[in-house]
Number of protein chains: 2
Amino acid sequence: MECLKWFSREYHDLNGSHIQVLDRPPTPLEFSRIAHISRPVVIHGLHIPATKDRWSNEYLCDKMKDRPISVSVTPNGLADAVTTAPDGISYFVEPHVELMTMGDLLSKFDGDTTRAYYLQSQNGNVYSAAYFDNVDSDFSEFDVLRPDIPSEIHWCSKSFDKHPDAVNLWIGDSKSITSIHCDPYENIYTVVRGVKYFTLLPPSEGWCLQERTYPHAQYIRASPSTELCIKPSPPSTPTIRWSSVGDPNLPGALPDEANPINVVLQAGETLYLPAGWWHHVRQSDEITVALNWWYDIEMRGMTWVLLTFLRGTDSPMIKGKEDDMEGSEVEEA
Amino acid sequence: MECLKWFSREYHDLNGSHIQVLDRPPTPLEFSRIAHISRPVVIHGLHIPATKDRWSNEYLCDKMKDRPISVSVTPNGLADAVTTAPDGISYFVEPHVELMTMGDLLSKFDGDTTRAYYLQSQNGNVYSAAYFDNVDSDFSEFDVLRPDIPSEIHWCSKSFDKHPDAVNLWIGDSKSITSIHCDPYENIYTVVRGVKYFTLLPPSEGWCLQERTYPHAQYIRASPSTELCIKPSPPSTPTIRWSSVGDPNLPGALPDEANPINVVLQAGETLYLPAGWWHHVRQSDEITVALNWWYDIEMRGMTWVLLTFLRGTDSPMIKGKEDDMEGSEVEEA
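The rules behind each value
- Residues numbered from 1 in each chain as written.
- Chains lettered and ligands numbered in written order.
- Predicted model: local features only at pLDDT ≥ 70, side-chain atom pairs only at ≥ 80, totals over all residues.
- Heavy atoms only, no water.
- Helix = DSSP H or I, 4+ residues; strand = E, 2+ residues; numbered from the N terminus.
- Rg over C-alpha atoms; globule rule 2.2 N^0.38 Å.
- Buried < 20%, exposed > 50% of the residue type's maximum accessible area, 1.4 Å probe, protein only.
- Contact = heavy atoms within 4.5 Å.
- Areas by Shrake-Rupley, 256 points an atom, 1.4 Å probe, with all protein chains shown as cover.
- Core = buried A, V, L, I, M, F, W, Y, C linked by side-chain atoms within 4.5 Å.
- Pairing = 2+ DSSP bridges.
- Axes fitted to C-alpha atoms, helices over the stretch in contact; angles between N-to-C directions.
- Buried area = accessible area lost by both parts, 1.4 Å probe.
- Salt bridge = Lys/Arg side-chain N within 4 Å of Asp/Glu carboxyl O.
- Polar contact = N/O pair within 3.5 Å; in protein donor to acceptor, adjacent residues only side chain to side chain.
- Expected span 1.5 Å × (residues − 1).
- Left-handed = near helix turned anticlockwise from the far one by under 90°.
- pLDDT = per-residue confidence, 0-100.

**Some points on the overall build of chain A**
Then, number 1: Summing up its helical and strand segments, chain A has eight helices and 20 strands in all.
Then, number 2: Over its C-alpha atoms chain A spans a radius of gyration of 20 Å, differing by no more than 12% from the 20 Å that the globule rule assigns to 333 residues.
Then, number 3: Counting only C-alpha atoms and orienting by the principal axes, one finds that chain A spans roughly 55 × 55 × 40 Å.
Then, number 4: Out of the 333 residues in chain A, the part that is buried amounts to 55%.
Then, number 5: In chain A, once contacts between residues fewer than 6 apart in sequence are set aside, the share between residues at least 24 apart is 81%.
Then, number 6: When the accessible area of chain A is evaluated, it comes to approximately 14,000 Å², of which 50% is carbon and sulfur surface.

Written as structure tokens, this is what we have:
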């Protein structure tokens, strides 16, 4: 643990909390340098059809018509988050998923105040690996929106010398929150409508987020008229390693040594979020629409080993971490 | 120490000992990707005037005439290396430096078998920072060779978005050896004549090289006719942190966990040696001429912190290392 604290202190002393802002998208070479430094950058001026003020509710409904789309539903806005169930156990809970039309979804944001709806299927819901591999199984609930959404960001694909692994559409409002986590992906994230509020921590501050192992559960609803409830998954379901700090913005949630960075991303702005950076995401009250392009992390070199080390996963560090766990609510499934 | 061993094992499991060979120099973007991965690459086809078979002894003498050049002289070929003096103490010993003409130097390689001569002034002896900063103090002992030596490697300068920090000329033979060490520079190293034999270890295997702190000394000669002897520097001279493994090729010099990589670099070939990689260098019997371009390491991001961590310098790791030191010959000056 001392190693991790030393590393995070040195990293912050050298890099501070500065976030670079570019007034135009980078060239492939400029972006390659940026990705090498591996710090978040806000990019203005990424013009794609979706960001050209055309994605009104009417436009989206007209394009999508009554095609069914998969929407996450929770009572509290916490999809993919640690939640304590009535049995007193903290689970990693996945959302209930309902199929509805785009019109249904958009009307929920003004109407249903008892549940949180979030289009966040994040499985490459616009373009998945199947699209790039040119296989017949390529399917998207949003294929009619594809003309407005480029399948790749050219300066990013050129820089990494690869296609994205997944391109996703996100639609939600302030009720939906993404709990803090990190991904093994380089991420290009563009806001189309509304505002996104990111709280970021560098990979070196992973120790501040106290990852624990949680049993898996899911919100279910027996019938459309009954309330959502947490259903623990069978004991054979693998446990989930997740931060026990859901919202780093709550007072006392982080140790004094943490240096969270807040980034407000307006419509038309793009965030480069490097692989391994921790992020908690909130949205404005209005309907917030975003797109993201995930590129696989570079496995050669030091990056993967370093990120694994800094998370403590599978490293000697994990022992030190688990020694710290007394008093936590962790249960092994 | 366990952290460092874990890191080096994981790094090797992921990367192996493969060295990529390019049949032509990379583009700036290709090189940026290579530098991001930060593993050595052998590059063929870097054509500069110096490598066009023109640098015969006659040519070099004709160009240089009787200009004085600074040459390192040692009794054993170990310039900048740990050597045990007659007083029984191991010092980090710098070479004696003699001024001579190019003709003098080249004749030494066939003639004087009792001493090792190595042109290795490595202070930007062809182009130094003063050249790139355009200041009046720009001076090179080899300025007449500059037309044969480009001041920068364009794909490297474009990739890093900077000029080199130093460009050096090296001339030696098999008597001169460079003890294993690492530099805080990205290094482009081209062999002009002869053959260079590199033994490389990744930054993650720094713990195998047992860095220690040594008092400083220098070879001196009271007069041209007396023998070279080691003169300890005044106690106020800072001690030098250096590997106590001089030659990693000797049996038993490295622990079983080390994975040294041997690279033979022929005339006309270029090695990209990333910042922080450990290297031991030998040369062929024939006169071996080489050039290198050093570019400052990128200080932003994780690289510097990681290299510092892996060397144990200034980190909690150093404690573990110094605990291991019983039985070593280290003396603090």
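That shown, we press on.
**Quick word on the nonpolar core**
Then, number 1: In terms of nonpolar packing, the biggest core is built from 74 residues, with A:Phe7, A:Phe309, B:Phe7 and B:Phe309 touching the most fellow members.
Then, number 2: Not counting chain neighbours up to four residues away, the residues in contact with B:Phe7 comprise A:Met302, A:Val305, A:Leu306, A:Phe309, B:Ser204, B:Leu306 and B:Leu310.

**Some thoughts on the sheet that holds strand β3 (residues 69-74) of chain A**
Residues and elements named next belong to chain A.
Then, number 1: With respect to topology, three strands assemble into an open sheet ordered β7-β3-β8, the strand pairing being antiparallel. At either end of the open sheet lies a strand with only one pairing partner, and these are β7 (96-100) and β8 (116-118). Each adjacent strand pair in this sheet contributes to an overall mean axis angle of 35°, direction not counted.
Then, number 2: Inspection of the sheet shows β3 paired to β7 by five bridges, in the antiparallel sense. In the strand pairing of β7, Ser72 is matched with Val97.
Then, number 3: Across the sheet, helix α4 (residues 102-111) lies against β3, β7 and β8, angled at about 120° from β7, the strand it touches most.

**A few points about the interface of chain B and chain A**
Then, number 1: Listed by partner, the interface residues are 38 residues for chain B and 38 residues for chain A.
Then, number 2: Looking only at chain B, the three residues that lose the most surface to chain A are B:Trp6, B:His36 and B:Met302, adding up to 21% of its buried area.
Then, number 3: Viewed at the interface, chain A and chain B are joined by two salt bridges.
Then, number 4: Salt-bridge contacts for B:Arg33 lead to A:Asp161; the nearest nitrogen and oxygen are separated by 3.8 Å.
Then, number 5: For the pair chain B and chain A, the number of links is eight residue pairs in polar contact (both at pLDDT 80 or more).

**Some remarks on helix α1 (residues 2-15) of chain B**
Then, number 1: Helix length check: α1(B), at 14 residues, gives a terminal C-alpha distance of 20 Å against a target of 20 Å (1.5 Å per residue), a fit within 8%.
Then, number 2: Those residues of α1(B) that fall on the buried side of the exposure criterion are B:Cys3, B:Leu4, B:Trp6, B:Phe7, B:Ser8, B:Tyr11 and B:Asn15.

**Concerning the packing of helix α7 (residues 303-311) of chain A against α1(B)**
Then, number 1: Following both chains from N to C, one finds α7(A) and α1(B) inclined at 145°, their axes separated by 9 Å at the closest point. Relative to α1(B), the crossing made by α7(A) is right-handed. Taken together, the residues of α1(B) that come into contact with α7(A) (itself represented by A:Trp304, A:Val305, A:Leu306, A:Thr308 and A:Phe309) are B:Cys3, B:Trp6, B:Phe7, B:Glu10, B:Tyr11 and B:Leu14.

**Describing the side chain of B:Thr288**
Residue and element names in this part refer to chain B.
Then, number 1: Structurally, Thr288 is set in strand β20 (residues 288-296).
Then, number 2: Among the residues examined, Thr288 registers a relative accessible area of 0% and is labelled buried.
Then, number 3: Looking at Thr288, its side chain comes within polar contact range of the side chain of Ser284, at 3.0 Å.
Then, number 4: Setting aside residues no more than four positions away along its own chain, Thr288 makes contact with Trp170, Ile171, Gly172, Arg193, Gly194, Val195, Lys196 and Gln283.

**As for the pattern of salt bridges**
Then, number 1: All told, the structure shown has 22 salt bridges over all chains when counted by the stated rule.
Then, number 2: Ionic contacts of the salt-bridge type, sharing partners, join the residues A:Glu211, A:Arg241 and A:Arg311 into one network.

**Brief notes about the sheet that holds strand β8 (residues 116-118) of chain B**
Residues and elements named next belong to chain B.
Then, number 1: Spatially, the three strands line up as an open sheet ordered β7-β3-β8, and their pairing is antiparallel. The sheet terminates laterally at β7 (96-100) and β8, the two strands that pair on one side only. Direction aside, neighbouring strands of the sheet carry axes that sit 35° apart on average.
Then, number 2: Sheet strands touched by helix α4 (residues 102-111): β3 (69-74), β7 and β8. Its angle to β7, the strand with the most contacts, is close to 120°.

**Things to note about the confidence of the model for chain A**
Then, number 1: Chain-level pLDDT for chain A is 91 on average; 94% of the residues reach the 70-or-more range.
Then, number 2: The ipTM assigned to the predicted complex is 0.90, against a pTM of 0.91.

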